[in-house]
Amino acid sequence: MTALRRFKRNRLAVVGAVALAVLVLFAVLGPLVYPTEQVATDLGAANLPPGVDGHLLGTDALGYDNLGRLMVAGRVSLLVGVAAGVLATVVGTLWGAIAGYVGGAVDAVMMRVVDAGIAIPAIFLLLVLSTIVRPTVGMMIVVLGMVSWLVPARLIRAEALSVRTRDYVVAARAMGASHRRTVLSHVIPNTVGTVVVNATFQVADAILLVAYISFLGMGIQPPTTDWGAMLNDGINYIYQGAWWLILPPGLAIVIVVCALNFVGDGLRDVVDVKGRTA
Amino acid sequence: MTTAIPATSGTVPPGVAAPVPVRAQRGGFGRFLTRRVLQALVVVLVVSVIVFALLHALPGGPARGVLGQQASAEQIAAFEAANGLDQPVVMQYLSFLGRSLTGDLGESYLLNQSVADAIALRLPKTLLLTGLSLVVAVIIAVPVGVYQAVRRNRAVDYWLSTLAIVAYSTPTFFLGMLLILLLSQTAGLFPAAAPQGNGVLEVLSQPAGLVLPVLTGAVPIVATFSRYMRSSTLDNLGEDYVRTARAKGTGYRDVVLRHVLRNSLTPVVAMLGYYLPVMFGGALVVEQLFNYPGMGLLFWSAAQSSDFPVLLGCVLVISVATVVGSLLADVVQALLDPRTRGAAR
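All figures in this text were calculated on a predicted structure; none of them were measured in a lab.

*Asks:* It is not clear to me how the overall build of chain A should be interpreted in this structure. Could you clarify?
*Replies:* Along its length, chain A carries 12 helices and 0 strands. If you line up chain A on its principal axes, its C-alpha atoms span 75 × 45 × 30 Å. With 278 residues in all, chain A has 53% of them scored as buried. A fraction of 73% describes how many contacts in chain A between residues 6 or more apart in sequence connect residues 24 or more apart.

Set out below in structure tokens:
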């Protein structure tokens, strides 16, 4: 109860949590309330401004209803972001916990790999990878997870370094617990605050990265779409003043990423982890 | 590599390293420097292994990559023999490493140019664009951060911090599109097409076209650096010298402007070194959006046409720059603050 109260004290975090819930409902349940055709194109109804022929947010260049498209694109953006963020967190946590727990040469080698990965900026690596593999939804999750696990690995390793010298770890080992058991039942659970807070930021960053890749035209292919891809389609009509193709998907990204950052800050207050460490 | 950043409260962009608990100093600056440089070299070596592995992860391997999808089996065999691709992987890696060290990054399929030349032609223009964005950003971020620190925990501070998170959460391309929509399409103030041309001077001679790209690149940097500046200034405001200066009768304003500002600025400047990868990433998006002829646009067109030598060459150059950047930042920090000369991580 105190945890919830502490979270509630951070007003932005509460606003973020509500905004997040609304956007998820909008994307998941929206198409049930507002069904639209999002596979077959309708060139007769292309580039309609908002309000014409019952299209609340107009249509795009292929005649897709823009509001409906915003919903189905949201499903992809949120699914890929959450899944990639979780994947990165799981891989990073295991990697960091093992490196920090084992220490010595193993730690040094594992962390130099992390350093090298961090030295290659994520967007560049992602673009190279998406020219090599066909970017489907599943592939995007894997590829994003592959470039995003490095930062959590660093964080958890630093935590594991301090946890492994604690009495309960020494006691567990003395009672004959295997290394595997010690890492999984003692080291990782005691870093869970850091893990959870960081996972929130990981999802936010993953949603941003998916949008960047799609905007650069190297993301998930049509007719499947996401918010970044909608912006990429919309930019061609920016000079005709087609603001309805730009503002809705752009604002959706900003709101969801802001909301996750606010929620992350709120969670940090709850578990009392120091400073955000991207 | 040691990437110690003073703990900041708040959002740090992806790719920026985490604050690291500092251990007590062992050995002097020379020892720190040696260890740190060796570490950077190891990281560069691992990066080269990753790039080499990517080259071999291409569909059909590097021969298929260079000769294209239509190459016959005989052509591929001939190419592999001629380029030593039939040798053991370790030998191949060593020769790749040797070539990279001498600046030979291969030939672009499409540009009729060596990768090194293609990059050398465009890198200065990217540095110009990011440099201008950086200058604009620092001019805005420093006063904002200091002002927030002085007014800490008041409404103004709270709103500016929230604004910084919103700015950080806004994808650069969406920001750029908004600026095009508002300042170019609606108000007609600035052109949305970036200056073209081969040289830096040619680009500089068309300043109107630079406004929107520079502004787009500057906003995310302002969001991050105003936060750094705020927390750095806060740290310094709590120092004894502030109380001493105040006790001697110096006005609060003078203490902040003469003493605190200078002391808080140095760690923030050192932070620029860690920020290189984020700036390269920003340049990629800004250049693509405004069609600015720099390294980011080169990389993007290479990705569109699967021009692998250019892609991997750029990745190698950017990664080495990133490693060098954080090495320099660590060294500057160690010079300023001996406590950060901690043990190798």
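From this point on, the discussion continues.
*Asks:* Any chance you could explain the overall build of chain B here in plain terms?
*Replies:* What chain B contains, in helices and strands, is 14 helices and 0 strands. Mapped in sequence order, the helices and strands of chain B form the string α-α-α-α-α-α-α-α-α-α-α-α-α-α. For chain B, the proportion of its 345 residues judged to be buried stands at 43%. Excluding contacts between residues fewer than 6 apart, the proportion of contacts in chain B whose partners are at least 24 apart in sequence is 72%.

*Asks:* Just checking my understanding: could you explain helix α5 (residues 122-132) of chain A for this structure?
*Replies:* In an α-helix, one turn spans 3.6 residues, which is why side chains three or four residues apart end up on the same side. Counting buried residues along α5 of chain A, 10 of its 11 residues qualify, which places the element largely inside the surrounding structure. Where α5 of chain A is buried, its residues meet α6 (137-148) and α10 (192-215) of chain A together with α1 (29-57), α12 (276-290), α13 (295-304) and α14 (308-336) of chain B.

*Asks:* Just checking my understanding: could you explain the packing of helix α12 (residues 247-271) of chain A against helix α6 (residues 155-169) of chain B for this structure?
*Replies:* For any two helices packed against each other, the geometry is given by the interaxial angle and the distance between the axes. Across the interface, α12 of chain A lies against α6 of chain B with an axial gap of 8 Å and an inter-helix angle of 130°. Judged by the inter-axis angle, α12 of chain A sits oblique to α6 of chain B. Here the hand of the crossing between α12 of chain A and α6 of chain B comes out right-handed. Contact with α12 of chain A, carried on its side by Val254, Val257, Cys258 and Asn261 of chain A, involves Ile165, Val166 and Ser169 of chain B of α6 of chain B and no other residues of that element. Looking at the contact of α12 of chain A with α6 of chain B residue by residue, the class counts come to 5 nonpolar, 2 polar and no charged.

*Asks:* I tried to follow the confidence of the model for chain B on my own but got confused; where do I start?
*Replies:* Any residue range with low pLDDT should be treated as having predicted coordinates unsuitable for detailed reading. All names here are of chain B. Averaged over chain B, the pLDDT score is 79; the fraction of residues at 70 or greater is 86%. Considering each helix and strand of chain B separately, the mean pLDDT is smallest for helix α2 (residues 61-67), with a value of 68, and largest for helix α5 (residues 115-150), with 90. Every residue in residues 1-25 is under pLDDT 50, and counting partners more than four places away or in other chains gives 90 contacts. In the predicted complex, the global pTM is 0.82; the interface-specific ipTM is 0.83.

*Asks:* Please explain the confidence of the model for chain A as it appears in this structure.
*Replies:* All names here are of chain A. In this model, chain A carries an average pLDDT of 84, and 97% of its residues clear a pLDDT of 70 or more. Ranking the elements of chain A by mean pLDDT puts helix α1 (residues 2-9) last with 77 and helix α3 (residues 66-102) first with 90. This stretch, residues 274-278, has a pLDDT under 50; its non-local contacts, to residues over four places away or in other chains, come to 20 contacts.

*Asks:* Sorry, what's going on with the nonpolar core here?
*Replies:* One recurring pattern in soluble globular proteins is that nonpolar side chains are buried together. Grouped together as the largest cluster of nonpolar side chains are 165 residues, with contacts concentrated most on Phe124, Leu126, Leu144 and Ile207 of chain A together with Leu311, Cys314 and Val315 of chain B. Considering each element in turn, this core owes the most residues, 15 residues, to α10 of chain A.

*Asks:* Quick question: what am I supposed to make of helix α11 (residues 227-234) of chain A here?
*Replies:* With respect to burial, α11 of chain A is a largely interior element, 8 of its 8 residues being buried. Within the sequence span of α11 of chain A, burial applies to Trp227, Gly228, Ala229, Met230, Leu231, Asn232, Asp233 and Gly234 of chain A. Where the residues of α11 of chain A are buried, they touch α3, α10 and α12 of chain A together with α7 (172-186) of chain B.

*Asks:* How should the environment of threonine 2 of chain A be read in this particular structure?
*Replies:* All names here are of chain A. Summarising the element assignment, threonine 2 is placed in helix α1. For threonine 2, a count of 7 C-beta atoms within 10 Å corresponds to the exposed category. Separated by 268 residues in the primary sequence, threonine 2 and valine 270 place their C-alpha atoms 8.6 Å from one another.

*Asks:* Is there a simple way to think about unusual backbone geometry in this case?
*Replies:* Trans is the common state for peptide bonds, and a negative phi is the common state for residues other than glycine. Residues and elements named next belong to chain B. The backbone of asparagine 153 shows a phi angle near 65°, a positive value even though the residue is not glycine. Along the polypeptide, asparagine 153 turns up in the loop between α5 and α6. Judged by the 8 C-beta atoms lying within 10 Å of it, asparagine 153 falls in the exposed class. A positive phi angle, close to 55°, is found at asparagine 291, a residue other than glycine. Its place among the elements puts asparagine 291 in the loop between α12 and α13.

*Asks:* I'm lost on the environment of isoleucine 221 of chain B in this one. Help?
*Replies:* Residues and elements named next belong to chain B. Its place among the elements puts isoleucine 221 in helix α9 (residues 207-237). The buried category is assigned to isoleucine 221, around which 25 C-beta atoms lie within 10 Å. Along the chain, isoleucine 221 and methionine 279 lie 58 residues apart, while their C-alpha atoms are 8.3 Å from each other. When near neighbours in sequence (up to four residues on either side) are disregarded, isoleucine 221 contacts Ser133, Leu134 and Ala137.

*Asks:* What's the story with the environment of phenylalanine 215 of chain A in this structure? I'm lost.
*Replies:* With respect to the helices, strands and loops of the structure, phenylalanine 215 of chain A is situated in helix α10. Residues phenylalanine 215 of chain A and isoleucine 235 of chain A lie 20 residues apart in sequence; the distance between their C-alpha atoms is 9.5 Å.

Calculation notes
Residues numbered from 1 in each chain as written. Chains lettered and ligands numbered in written order. Predicted model: local features only at pLDDT ≥ 70, side-chain atom pairs only at ≥ 80, totals over all residues. Helix = DSSP H or I, 4+ residues; strand = E, 2+ residues; numbered from the N terminus. Buried ≥ 20, exposed ≤ 12 C-beta atoms within 10 Å, placed from the backbone. Contact = placed C-beta atoms within 7 Å. Axes fitted to C-alpha atoms, helices over the stretch in contact; angles between N-to-C directions. Parallel < 35°, antiparallel > 145°, perpendicular 65-115°, else oblique. Left-handed = near helix turned anticlockwise from the far one by under 90°. Nonpolar A, V, L, I, M, F, W, Y, C, P; charged D, E, K, R; others polar. pLDDT = per-residue confidence, 0-100. Core = buried A, V, L, I, M, F, W, Y, C linked by C-beta atoms within 7 Å.

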